[in-house]
Amino acid sequence: MDYLVQMSDVVVSYPTEDGELRVLDNIDLRIRPRELVSLVGPTGCGKSTILRLLLGSQFPNQGTVLFEGQPIKSIDRHRGIVFQRYGLFPHRSVLDNIAFGPELELLNLWDHLFRFASPRYWRVMHEQRERARTLVTRIGLRPADCDKYPFELSGGMRQRVSIAQSLIMHPKLLLMDEAFGALDESTREEMQLLLLEEWEKNSMTIVFVTHNVAEALFLGTRVIGLSQHWENDDGQPAHGARIIVDAAAGGKHPKPTSYKYSPEFTALLQKIREDVLDADQRTRLCEFNLSHQDAQRE
């Protein structure tokens, strides 16, 4: 099986005044194409660090991080990211924000300098704005919203535009870092359903980081629990976070919203919270829930 993502024996640590602080300890992870992987864990366990490793904006102290079988050496167009705080250009309209990525990729400095005499410049601009206009409708905004600026949009609308910025690039891997964390409950549910629709329609591969376990179980085909609250089989404390849960997220995907109220969902939710988020629950190595078919076991 060809995995889209492979992390092997990954260690990330930072120097401090008191010595080395190990954030990630021997992380092993394999992700197949078209998976929707939810990543949960307590504050400070390294969830965002894993996203940066997959994006190519950070590198491990030890181990390897592969994308399509090749080491990740830099950020590229095949791996997009959506942050909690939108990342929109305030001086650009909705349409211009969405079209910015492909325009940057397809047009060079000379195209911009001599744009008035360049048919290619105007063709590219027209084509990408038409693609952006189609996306505006797909993400649930109105045609009239195309010319609005970020300050004129609600939080949910801005997040939709951020997602469209990534979708227009057709990334092979979409990384989402607490992308819905700042939204109210009703808007958050709308965005969850939008993400599932886009995932199913476009056969995307997504790694979704969230502190909300219910959201992780509802969205994911698979849930990864990362925690620094574990200990060795002999009772010695951990040094850095490990994957202590790697399991199927339950239910048939994409799940209906009614699944959130099922006994299966409630039981999974309680189990993940106890195993991953409870700092007093020091899971031992031999007790890790690595039941997923692609989980890397000791």
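Residues numbered from 1 in each chain as written. Predicted model: local features only at pLDDT ≥ 70, side-chain atom pairs only at ≥ 80, totals over all residues. Heavy atoms only, no water.

This part is about the environment of Val 37. Residue position: Val 37 is located in strand β3 (residues 36-40). On the accessibility criterion, Val 37 (1% relative accessible area) is buried. A C-alpha to C-alpha distance of 25 Å links Val 37 and His 239, two positions 202 residues apart in sequence. Not counting residues up to four positions away in its chain, the partners in contact with Val 37 are Ile 31, Ile 206, Val 207, Phe 208, Arg 222 and Ile 224. (Helix = DSSP H or I, 4+ residues; strand = E, 2+ residues; numbered from the N terminus. Buried < 20%, exposed > 50% of the residue type's maximum accessible area, 1.4 Å probe, protein only. Contact = heavy atoms within 4.5 Å.)

Another point: the pairing of strand β4 (residues 62-67). Taken residue by residue, a regular strand's side chains alternate between the two faces of the sheet. Pairing between strand β1 (residues 5-16) and β4: five bridges, direction antiparallel. Note on β4: the bridge partner recorded for Ser 8 is Thr 64. Looking at chain direction, β4 and strand β5 (residues 70-71) are connected through two bridges and run antiparallel. In the sheet register, Leu 66 faces β5, and the bridge partner there is Pro 71. Where β4 hands over to β5, the hairpin turn is made up of two residues, of which Glu 68 adopts a positive phi near 55°. (Pairing = 2+ DSSP bridges.)

Let's shift gears to the packing of aromatic side chains. Under the criterion given, the structure shown has four aromatic pairs. Measuring from ring centre to ring centre gives 5.3 Å for Phe 180 and Phe 208, while their planes differ by 55°; the resulting arrangement is tilted. Of this pair, Phe 180 sits in the loop between β7 (173-177) and α6 (185-202) while Phe 208 is found in strand β8 (residues 206-209), placing the two residues 28 residues apart along the sequence. For the pair Phe 180 and Phe 208, one class covers both residues: buried. (Phe/Tyr/Trp six-rings, centres within 6.5 Å; stacked < 30°, edge-to-face > 60°.)

The next point concerns unusual backbone geometry. Negative phi is the rule for most residues except glycine; trans is the rule for most peptide bonds. Here the residue pair His 253 and Pro 254 is connected by a cis peptide bond, since its omega of -10° sits within 30 degrees of zero. Structurally, Pro 254 is set in the loop between β11 (242-248) and α8 (263-277). Of note, Glu 68 is a non-glycine position whose phi angle comes to about 55°, a positive value. By the element assignment, Glu 68 lies in the loop between β4 and β5. With relative accessibility at 40%, the residue Glu 68 sits in the partly exposed group. The phi dihedral of Ser 203 is positive, around 50°, even though this residue is not glycine. Along the chain, the position of Ser 203 falls in the loop between α6 and β8. Given a relative accessible area of 35%, Ser 203 falls into the partly exposed group.

Enumeration over the complete set of coordinates arrives at one cavity of 30 Å³ or more. Of the pockets and cavities examined, the largest cavity occupies roughly 40 Å³. Lining the largest cavity we find Leu 29, Val 37, Leu 39, Ile 50, Val 207, Ile 224 and Ile 243. Within the lining of the largest cavity, the residues separate by chemical class into seven nonpolar, no polar and no charged. (1 Å grid on protein atoms, 1.4 Å probe; cavity = no way out; pocket = protein on both sides within 12 Å on 5 of 7 lines; lining within 4 Å. Points joined across faces, edges and corners; volume = space filled by probe spheres on them. Nonpolar A, V, L, I, M, F, W, Y, C, P; charged D, E, K, R; others polar.)

This paragraph deals with the nonpolar core. Soluble, globular proteins show a tendency: their nonpolar side chains are buried together. Counting residues in hydrophobic clusters, the biggest one holds 85 residues, and the most contacted among them are Met 7, Met 176 and Phe 180. If we ignore the near neighbours within four places in the chain, the residues touching Phe 180 are Gln 159, Ile 163, Arg 188, Met 191, Gln 192, Leu 195, Phe 208, Glu 215 and Leu 219. (Core = buried A, V, L, I, M, F, W, Y, C linked by side-chain atoms within 4.5 Å.)

Taken in spatial order, the six strands make up an open sheet running β6-β7-β8-β3-β9-β11, and their pairing is mixed. Edge positions in the sheet fall to β6 (79-83) and β11, since each of these pairs with one other strand and no more. Geometrically, the sheet is characterised by an average inter-axis angle of 20° between neighbouring strands, direction not taken into account. With four bridges joining them, β3 and β8 adopt parallel strand pairing. Its bridge partner being in β8, Leu 39 is matched across the sheet by Val 209. Along the sheet, helix α1 (residues 47-55) contacts β3, β6, β7, β8 and β9 (222-227); its crossing angle with β7, the most-contacted strand, is approximately 150°. Where helix α5 (residues 155-167) meets the sheet, it contacts β6 and β7, and its direction lies at approximately 170° from that of β6. (Axes fitted to C-alpha atoms, helices over the stretch in contact; angles between N-to-C directions.)

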